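# Coordinate analysis (summary)
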Amino acid sequence: FDICLRHPELVEGSLQNKVKISRIARNDKIFSSRPRNKCGVTMLAFLLLNAEIPPVDALNILSDRWRLSNDLKKYLLTIITHIDDISANIPASSQKQLIRKLGAEIFSDIILLKQELQPRENYSEMLALAENWQIPIMPVSGRDLIELGIPEGKILGEKLHKLEKIWEESDYKFGKEDLYKHIG
């Protein structure tokens, strides 16, 4: 992606002159701490978020022009569609839910972008949580509920979803037996 900085016409042409490449050149500090293989993805997400057209449209144009892999396109789409879900003041419980939903890597990339886009906000604790928190595995599965006599289908899904919410509210401390008490 150094080529993007040396030859902005490549990016600008791809987005039909809608990306402000000069801003990325002034704000490359967020990329210096990233592993080399992730730096380009974070930079690309930054470019998409700073396009003068909606980021999803910019991604579609860039994806077609540069022939991005489906995995990379999905990764970038997840970042640009969830960046507004995160703010500097969301509680730790919500952060953990987002880390479970998005994965620690995407969550970290969003935090790095948020730090750049909102330099007055402090995201260091959120980044530390993403890097250090071990994502737990839900202690109760659909198979467990079937063994308890709950039939497969919509009711099973609803009960499992309810148990997952209770588990999240317990800050992931409830075990299988604790959750069984809430099946009702």
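Since this is a predicted model, take the numbers as computed values, not measurements. (Residues numbered from 1 in each chain as written. Predicted model: local features only at pLDDT ≥ 70, side-chain atom pairs only at ≥ 80, totals over all residues. Heavy atoms only, no water.)

Right, let's talk about unusual backbone geometry for a bit. Of note in this structure, Arg67 is not a glycine but carries a positive phi near 55°. Tracing the sequence through the fold places Arg67 in the loop between helix H6 (55-66) and helix H7 (70-82). Judged by relative accessible area, Arg67 falls into the exposed class, the value being 73%. Located in the positive-phi region is Asp171, a residue other than glycine, with phi close to 60°. Residue position: Asp171 is located in the loop between helix H12 (154-169) and helix H13 (176-180). Accessibility expressed as a relative area gives 29% for Asp171, which makes it partly exposed. (Helix = DSSP H or I, 4+ residues; strand = E, 2+ residues; numbered from the N terminus. Buried < 20%, exposed > 50% of the residue type's maximum accessible area, 1.4 Å probe, protein only.)

With that out of the way, let us pick up the confidence of the model for the protein. This prediction gives the protein a mean pLDDT of 83; 79% of its residues lie at or above 70. Per-residue pLDDT stays below 50 along residues 1-37; that stretch engages in 62 contacts with residues further than four places along the chain or on separate chains. (pLDDT = per-residue confidence, 0-100. Contact = heavy atoms within 4.5 Å.)

Let us look at the environment of Leu68. As for its position among the elements, Leu68 is in the loop between H6 and H7. Once you skip the residues sitting within four places of it in the chain, Leu68 turns out to touch Leu44, Leu59, Leu62, Ser63 and Leu76.

What follows is about the packing of H7 against helix H9 (residues 104-117). As a packed pair, H7 and H9 sit with axes 10 Å apart at the nearest point and diverge in direction by 55°. Classified by the angle their axes make, H7 and H9 are oblique. By crossing handedness, the relation of H7 to H9 is classed as right-handed. Contacts between H7 and H9 involve Tyr75, Thr78, Ile79 and His82 from the former and Glu105, Ile106, Asp109, Ile110 and Leu113 from the latter. When its residues are assigned to classes, the contact of H7 with H9 shows 5 nonpolar, 2 polar and 2 charged. (Axes fitted to C-alpha atoms, helices over the stretch in contact; angles between N-to-C directions. Parallel < 35°, antiparallel > 145°, perpendicular 65-115°, else oblique. Left-handed = near helix turned anticlockwise from the far one by under 90°. Nonpolar A, V, L, I, M, F, W, Y, C, P; charged D, E, K, R; others polar.)

Note that an α-helix has 3.6 residues per turn; residues three or four places apart therefore point the same way. Look at H7: 18 Å from first C-alpha to last across 13 residues, which is about the 18 Å you get at 1.5 Å a residue. If you check which residues of H7 are buried, you get Tyr75, Leu76, Thr78, Ile79, Ile80 and His82. (Expected span 1.5 Å × (residues − 1).)

As a further point, take the environment of Lys159. By secondary structure assignment, the location of Lys159 is in helix H12. With 25 residues separating them in the primary sequence, Lys159 and Gly184 have C-alpha atoms 8.7 Å apart. Setting aside residues no more than four positions away along its own chain, Lys159 makes contact with Leu145, Ile150, Ile183 and Gly184.

What follows covers the nonpolar core. By size, the foremost hydrophobic cluster in this structure holds 46 residues, and its most contacted members are Leu76, Ile86 and Phe107. Secondary-structure elements contributing two or more residues to this core are helix H5 (36-49), H6, H7, helix H8 (92-102), H9, helix H10 (124-132) and H12. No other element matches H5, which puts 7 residues into this core. For Ile86, the contacting residues outside a window of four places in its chain are Leu98, Phe107, Ile110, Ile111, Lys114, Tyr123 and Met126. (Core = buried A, V, L, I, M, F, W, Y, C linked by side-chain atoms within 4.5 Å.)

On to the packing of H8 against H10, then. The relative placement of two packed helices comes down to the angle between their axes together with the axis-to-axis distance. At their nearest, the axes of H8 and H10 sit 11 Å apart, and the two run at 45° to each other. Put simply, H8 runs oblique to H10. When the axes of H8 and H10 are compared, the crossing they make is right-handed. Here Ala92, Gln95, Lys96 and Ile99 of H8 come into contact with H10, specifically with Met126, Leu129 and Ala130.

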